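Residues per chain, in single letters:
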Amino acid sequence: MGLSPRGRKSAAQGGTHQSGLRRWSLSTVPGLFTVPGLFTVPGLTGNMVSVARVAGSFVSIGATAVIVETAILASRTPRLPPAPGAILGTASMVASKEQAPLRLLIFGDSVAAGVGCPSNEDAFAGCVARALSSSTGRLVEWSVLGRSGFTAECMRRDLVPQIVPEVDSNTPPFDVCVVSVGVNAVLNLHSPRRYSDELGGLLNALRARLGLRCAILVCSMPPMELFPALSGLWPLNRLIGFYASAISRATIRACDAYGLAVCVTWDAVMPAKADLTPAAVEAMMAPDGFHPARGACEVMSGAIAEAALLELRSRPACGKSHVEREACHDRASAERESMALLGLCP
């Protein structure tokens, strides 16, 4: 179903300047982090050293808190395996026998691999497949190709080559590809610029492999500060939430700029009056409090299926009629031009 034998096996596993100039930092200010007189700031407006001492102390306390909380998070968060069992399956929600099956690829990181779920039927793949079958009225054949801990660059280098490329323009290996990416850029503190560049390379590689008729959807980042695993870990949870928002915005910009995929934003995923209380969020998450369980996957899948349906309708099947051939040709020409202008042609 579009994955090479290697792909099926893999998916199952689920300073100081050298010029001699001394770099200035808060630590170079004598006595900056000394505790005596920390909150005694006589003549605040006229004594900038005292102001710097107070500010530096707060920075030091905050940094220490983040380091301690990171250690706490690592110690109390279990490392869960990918979903066991099949990485291929079908979903049929009142599917029409007259239409060909819709081929779905769930691609990316640990969310795609179903980490924390008892099976891929209960994980991201099964939930998206059922929602897609319900919205299209077609049988959905799904495949999973994901690896825990992978960044966009890792996916481009190690996962994309495991997808069997399209035989010709009329037979893409998959009709829909849903990409889960970004969380490991957050955890590895990659800059939004670096992440955006790597995501562009990944989308270009996917488009070249999957062809122009495949609808590629990229999920934006959820509000990670709400994850149960980060509960009570302030300021770490706020810091991760802020960084996740930056990566999410970079995802949206990259999809818009490259024109190779559609970003499904979290605003589209969550209803306006969704219950995001700690108890409600915990009920939707896996035992590690970090990965989505079936509840969270079902919440995400509705908006993903809706976006996929719209994208499929804008990508008519080539070769059926003159009008459809012209529409498909125009879409393909526009995407190739976009790829060429951005220097992304394979």
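Here, the structure is the one placed above.
In short, a report on the structure. Only a predicted model underlies this, so the values are computations on that prediction, with no experimental measurement involved.

1. As for the nonpolar core
In this structure, Phe107, Ile163, Val179, Leu202, Leu206, Ile216 and Met224 are the most contacted members of the largest nonpolar core, which totals 49 residues. Counting residues per element, the ones that place at least two in this core are β2 (102–108), α4 (152–159), β4 (176–180), α5 (183–187), α6 (192–210), β5 (215–219) and α7 (236–258). With nine residues, the top contributor of residues to this core is α7. Contacts of Met224, omitting those with residues within four sequence positions, involve Val183, Val186, Leu230, Ile240, Ala244 and Phe290. Grouped together as the second largest cluster of nonpolar side chains are 33 residues, Cys127, Trp142, Val178 and Ala305 included.

2. Details of the packing of aromatic side chains
Inspection of every chain in the model, using the stated rule, returns one aromatic pair. Between Phe227 and Phe290 the ring centres are 5.3 Å apart and the planes differ by 85°, which places this aromatic pair in the edge-to-face class. One end of the pair, Phe227, is in the loop between β5 and α7; the other, Phe290, is in the loop between α9 (278–284) and α10 (294–313), with 63 residues separating them in the sequence. Of the residues examined, Phe227 reaches a relative accessible area of 10% and is grouped as buried. Take Phe290: its relative accessible area is 14%, and that puts it in the buried class.

3. Re the environment of Ala293
Looking at the element boundaries, Ala293 is found in the loop between α9 and α10. On the accessibility criterion, Ala293 (16% relative accessible area) is buried. Residues Ala293 and Val115, spaced 178 residues apart in sequence, show a C-alpha to C-alpha distance of 8.6 Å. When neighbours within four sequence positions are excluded, Ala293 is seen to be in contact with Cys117, Met284, Met285 and Ala286.

4. What about empty space enclosed by the protein?
Quantified by volume, the largest cavity comes out at close to 450 Å³. If you go around the largest cavity, you meet 31 residues; those closest to its centre are Pro222, Phe227, Trp266, Pro292 and Met300. Elements represented by at least two residues in the lining of the largest cavity include exactly α8 (266–269), α9 and α10. Among the elements that make up the lining of the largest cavity, the one with the highest residue count is α10 (four residues). Its residues placed into classes, the lining of the largest cavity shows 25 nonpolar, five polar and one charged. Computed from the structure, the second largest cavity encloses a volume of approximately 30 Å³. Among the secondary structure elements, those contributing two or more residues to the lining of the second largest cavity are α5 and α6. Counted by class, the lining of the second largest cavity contains five nonpolar, three polar and one charged residues.

5. Points about the pairing of β5
Across the five residues that make up β5, a large majority, five, are buried. Burial of the side chains of β5 extends over both faces: Ala215, Leu217 and Cys219 are buried on one face and Ile216 and Val218 on the other. Where β4 and β5 come together, five bridges link them in parallel fashion. The residue of β5 that forms the bridge with Val179 is Val218.

6. Quick notes on the pattern of salt bridges
As enumerated under the stated definition, the model contains eight salt bridges in all. Here Arg156 and Glu153 are joined by a salt bridge, their closest N and O atoms 2.6 Å apart. Here Arg156 and its partner Glu153 are both found in helix α4, three residues apart, which amounts to about one turn of the helix. Taking the relative accessible area as the measure of exposure, Arg156 reaches 33% and is therefore partly exposed. Residues Glu198 and Arg194 are paired through a salt bridge, measuring 3.0 Å at the closest nitrogen-oxygen approach. Remark: Arg194 and Glu198 occur in helix α6; sequence separation between them is four residues, near one turn of the helix. On the basis of relative accessibility, which here comes to 13%, the residue Glu198 falls in the buried class.

Reading the values: rules and limits
- Residues numbered from 1 in each chain as written.
- Predicted model: local features only at pLDDT ≥ 70, side-chain atom pairs only at ≥ 80, totals over all residues.
- Heavy atoms only, no water.
- Core = buried A, V, L, I, M, F, W, Y, C linked by side-chain atoms within 4.5 Å.
- Buried < 20%, exposed > 50% of the residue type's maximum accessible area, 1.4 Å probe, protein only.
- Helix = DSSP H or I, 4+ residues; strand = E, 2+ residues; numbered from the N terminus.
- Contact = heavy atoms within 4.5 Å.
- Phe/Tyr/Trp six-rings, centres within 6.5 Å; stacked < 30°, edge-to-face > 60°.
- 1 Å grid on protein atoms, 1.4 Å probe; cavity = no way out; pocket = protein on both sides within 12 Å on 5 of 7 lines; lining within 4 Å.
- Points joined across faces, edges and corners; volume = space filled by probe spheres on them.
- Nonpolar A, V, L, I, M, F, W, Y, C, P; charged D, E, K, R; others polar.
- Pairing = 2+ DSSP bridges.
- Salt bridge = Lys/Arg side-chain N within 4 Å of Asp/Glu carboxyl O.

By themselves, these figures tell us nothing about what the structure is for.
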